[in-house]
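Read off the chains here:
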Amino acid sequence: MKKTWGLLISAVAISAMLAGCGADKKETAAGGGEQAPAASGEQAAASADNTINIEASNWKFNQDTFEVKAGEPITINFKSTEGYHGIGIEGLDVDIQNEGSKTITVDKAGEYKIFCNVLCGPDHGKMIATLVVK
Ligand SMILES: [Cu+2]
């Protein structure tokens, strides 16, 4: 009988220890799980931000400045909403007429001049905007 009680007590003690360990692991896993989705969500938002939509009309662009991040792919969507225009960006390989998209990566932060590359009319020279790469 003494041996049986001893085994029972040991079994209960081991069960309690295992249960304790299991509970600790669950808490740790739950804590890590809460942090992971938030971090990946921020990354997805940052990538989406690196797309700019430039629209040209007679004789201006829809924004004076367009801000993007350096070292990541930048998607440029361009569209002429009035008249026939285009864009070029000084120092960068961007050349679109009327409508189109281009993806580039700019490693060097700075300000790049966006200009209309179509001789579109009397105020063609006023069609200037700035690409700000940070
Ligand atoms: Cu023009």
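Residues numbered from 1 in each chain as written. Predicted model: local features only at pLDDT ≥ 70, side-chain atom pairs only at ≥ 80, totals over all residues. Heavy atoms only, no water.

For the protein chain, an unreviewed UniProt entry supplies the name Cupredoxin domain-containing protein and the organism Brevibacillus composti.

**Student:** How should I be thinking about the coordination of the copper ion in this particular structure?
**Tutor:** When a metal carries six donors in an octahedron, the ideal angles between them are 90 or 180 degrees, while four donors in a tetrahedron ideally lie at 109.5 degrees. Of the protein atoms, only C116 (SG), V118 (O), C120 (SG) and H124 (ND1) coordinate the copper ion, at distances of 1.9 to 2.3 Å. Coordination of the copper ion draws on donor residues from a single chain, spaced C-x1-V-x1-C-x3-H in sequence. By relative accessible area, C116 is classed as buried at 5%. (Donors = N, O, S within 2.8 Å, 3.2 Å for Na, K, Ca; no water. Buried < 20%, exposed > 50% of the residue type's maximum accessible area, 1.4 Å probe, protein only.)

**Student:** Teacher, can you tell me more about the sheet that holds strand β2 (residues 60-61) here?
**Tutor:** By definition, the strands of a sheet pair up through backbone hydrogen bonds, in either a parallel or an antiparallel sense. With respect to topology, four strands assemble into an open sheet ordered β2-β1-β4-β7, the strand pairing being mixed. Two strands bound the open sheet, and with one partner strand each, they are β2 and β7 (99-105). Sheet topology note: the strand β4 (residues 73-80)/β7 ladder contains seven bridges and is antiparallel. Across the sheet, the residue bridging to P73 is T105, located in β7. (Pairing = 2+ DSSP bridges. Helix = DSSP H or I, 4+ residues; strand = E, 2+ residues; numbered from the N terminus.)

**Student:** Which parts of the structure should I look at to understand the pattern of salt bridges?
**Tutor:** Any two side chains of opposite charge can pair, so long as their charged atoms come close to each other. On inspection of all chains with the given rule, the structure shows four salt bridges. We note a salt bridge from K134 to E67, for which the minimum N-O separation is 3.6 Å. Placement of K134 in the segment after β9 (128-133) and of E67 in strand β3 (residues 65-68) is noted, with a sequence separation of 67 residues between them. Comparing K134 with E67, the two get one shared label, exposed. (Salt bridge = Lys/Arg side-chain N within 4 Å of Asp/Glu carboxyl O.)

**Student:** Explain the nonpolar core here, please?
**Tutor:** It is characteristic of soluble globular proteins that their nonpolar side chains tend to be buried jointly. With 25 residues, the main nonpolar core has I54, F61, I76, I87, I114 and L131 as its most contacted residues. Where this core is concerned, the elements lending two or more residues are β1 (51-57), β3, β4, β5 (86-89), β8 (110-115) and β9. Excluding residues that lie within four positions of it along the chain, I76 makes contacts with I52, I54, I87, I89, V94, I96, G100, S101, K102 and I104. (Core = buried A, V, L, I, M, F, W, Y, C linked by side-chain atoms within 4.5 Å. Contact = heavy atoms within 4.5 Å.)

**Student:** Just checking my understanding: could you explain the sheet that holds β3 for this structure?
**Tutor:** Ordered by their spatial adjacency, five strands build an open sheet running β3-β9-β8-β5-β6, and the pairing between neighbours is mixed. The open sheet has two edge strands with one neighbour each: β3 and β6 (95-97). Geometrically, the sheet is characterised by an average inter-axis angle of 20 degrees between neighbouring strands, direction not taken into account. Here six bridges tie β8 to β9, and the two strands are oriented antiparallel to one another. Residue pairing across strands places G110 opposite V133, the latter belonging to β9. (Axes fitted to C-alpha atoms, helices over the stretch in contact; angles between N-to-C directions.)

**Student:** Can you walk me through unusual backbone geometry in this structure?
**Tutor:** Across the chain, the bulk of peptide bonds are trans and the bulk of non-glycine residues have phi less than zero. Here the bond from N58 into W59 is cis, since omega is -5 degrees, no more than 30 degrees from zero. Along the polypeptide, W59 turns up in the loop between β1 and β2. Positive phi is not limited to glycine here, since N98 has a value of about 65 degrees. Checked against the element boundaries, N98 lands in the loop between β6 and β7. Of the residues examined, N98 reaches a relative accessible area of 30% and is grouped as partly exposed.

**Student:** Looking at this structure, how should I read the environment of I104?
**Tutor:** Mapped onto the secondary structure, I104 falls in strand β7. Spatially, the C-alpha atoms of I104 and D93 are 7.6 Å apart, while their sequence positions differ by 11 residues. With near-sequence residues (within four places) excluded, I104 lies in contact with E72, P73, I74, I76, L92, D93 and V94.

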